[in-house]
Amino acid sequence: MNLENQTGADVATMRWVGGTDGYLQMIDQTLLPMEFREIECRDVETVWEAIKKLRVRGAPAIGIAAAYGLVLALQTGSGSERPDFDQRLIEAATYLAESRPTAVNLFWALDRMQKLAERSPNLANSELHKLLLEEARLIEIEDLKMCHQIGEVGANLLSKGDGVLTHCNAGGLATSGGGTALAVFFEAARQGKGIHVYADETRPLLQGARLTTWELMQRNIPVTLISDSMAGWVMKEKKIQAVVTGADRIAANGDAANKIGTYSVALLASLHEIPFYIAAPSSTFDLSLESGEEIPIEERLPEEITNGFGKQTAPDGVDVYNPAFDVTPAKYIQGIITERGLIQPVTKEEVLRVLSSDPA
């Protein structure tokens, strides 16, 4: 997705500059919306740090960054022999996989890159390096197309004048395109449906406040920011007709992991008889997991709660529990919006049927 920076120029959330000896440039999302700054990743360690520290975030964007991270890793330390090159690829993939444990797109992209190398055992190092860069670019291009398709599928679920709640950021900053959940809003707005988005702050790191509102305002889509604890009351006031969020990993039965607080929103939506939708690409599904009980949940540093954005708000020594994600059971999900169509009802059988079909 192209976003307008403070100078008025269009910039991409993330882009590769140059050939195999090039580098990855990305927006540092930890600084938004107060400061717009791009960083250059010239080695795999910088990509790992960017993923870990949420400079780049959102499951699809993490996968793209990891793919390019492998290209960076192979610029050095791969030796002159093919076995050395392959070993460096394995080591770099293992290293990047440790950056964040929940977003399945990270592992999907790394596995895709490694399988490409396995299918090309006779290529010279330099030729394989070029092929891997082309694959990383292809992952990015496919993601761009996926965002558009998700937007088209999801917009059909919204009616003119709907108020729609979202949680965290599942927009262009989380992908290479228009996002997943936000792509639905962008397309609905393009169709003239006049929707109004309510964005949860998304504590403790405020991705909703800092990023989602910023993206929607860039597109001139009406948006109202609320604190996480206000969602239930706003629903009771009948200002919300639908909820759409993204996801970081979805199990075979449709249970979906997303930013912490999503489960609470789903329960509130169910209580108020408001449809709750997940928007995510097929690459976010992990069919090796039977249910959400098996999804690994990342726990982040306590300082994100006790010293958020550099200001201490809790007493020294207090115990902190800081899971980054929660899991919404499939029974609370009205439908899952994918580039291959709408999964509804959300059952294992319907998940498999839709995922095996051609893109919408």
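No experiment lies behind these values; they were computed from the predicted model shown. (Residues numbered from 1 in each chain as written. Predicted model: local features only at pLDDT ≥ 70, side-chain atom pairs only at ≥ 80, totals over all residues. Heavy atoms only, no water.)

> So what's going on with the side chain of Thr306? Residues and values would help.
Mapped onto the elements, Thr306 comes out in helix 10 (residues 303-306). Within the structure, Thr306 has its side chain in polar contact with the side chain of Asn307 (distance 2.8 Å). If sequence neighbours within four positions are ignored, Thr306 has contacts with Lys311, Gln312, Thr313, Ala314, Val318 and Val320. (Helix = DSSP H or I, 4+ residues; strand = E, 2+ residues; numbered from the N terminus. Polar contact = N/O pair within 3.5 Å; in protein donor to acceptor, adjacent residues only side chain to side chain. Contact = heavy atoms within 4.5 Å.)

> Tell me about the sheet that holds strand 3 (residues 14-17), and name the residues and values.
Across the sheet, which stays open at both edges, the 3 strands sit in the order 3-4-5 with antiparallel pairing between neighbours. The outermost strands of the open sheet, each flanked by one partner alone, are strand 3 and strand 5 (38-41). Going from strand to strand, the sheet's axes swing by 25° on average, the running direction of each strand aside. As paired strands, strand 4 (residues 23-27) and strand 5 are joined by 4 bridges and run antiparallel to one another. Residue Leu24 lies in a different strand from strand 5, and its bridge partner there is Cys41. Against the sheet, helix 2 (residues 59-73) touches strand 3, strand 4 and strand 5, its axis set at about 20° to strand 3. (Pairing = 2+ DSSP bridges. Axes fitted to C-alpha atoms, helices over the stretch in contact; angles between N-to-C directions.)

> Explain the packing of helix 4 (residues 104-118) against helix 5 (residues 125-155) residue by residue, including any values.
One can describe the packing of helix 4 onto helix 5 by two numbers: an axis separation of 10 Å at closest approach and a directional angle of 145°. The element helix 4 and its partner helix 5 pack so that their crossing is right-handed. On helix 5, the residues touching Trp108, Ala109, Arg112, Met113, Leu116 and Ala117 of helix 4 are Leu128, Leu131, Leu132, Glu135, Ala136, Leu138, Ile139 and Glu142. Tallied by class, residues from the contact of helix 4 with helix 5 come to 11 nonpolar, no polar and 3 charged. (Left-handed = near helix turned anticlockwise from the far one by under 90°. Nonpolar A, V, L, I, M, F, W, Y, C, P; charged D, E, K, R; others polar.)

> I'd like to hear about the sheet that holds strand 16 (residues 341-343), residue by residue, with values.
Pairing within the open sheet is mixed, and its 7 strands lie in the order 8-7-6-9-12-15-16. This sheet does not close on itself; its edge strands, each paired only once, are strand 8 (223-226) and strand 16. Adjacent strand axes in the sheet meet at a mean angle of 25° when their direction is disregarded. As judged from the 4 bridges shared by strand 7 (residues 196-200) and strand 8, these two strands associate in the parallel manner. In the strand pairing of strand 8, Val197 is matched with Val223. Packed on one face of the sheet, helix 7 (residues 207-218) meets strand 6 (163-166), strand 7 and strand 8 and runs near 160° to strand 7. Running at roughly 170° to strand 16, helix 11 (residues 348-355) makes contact with strand 15 (335-338) and strand 16 of the sheet.

Shape is all these values report; function is a separate question.
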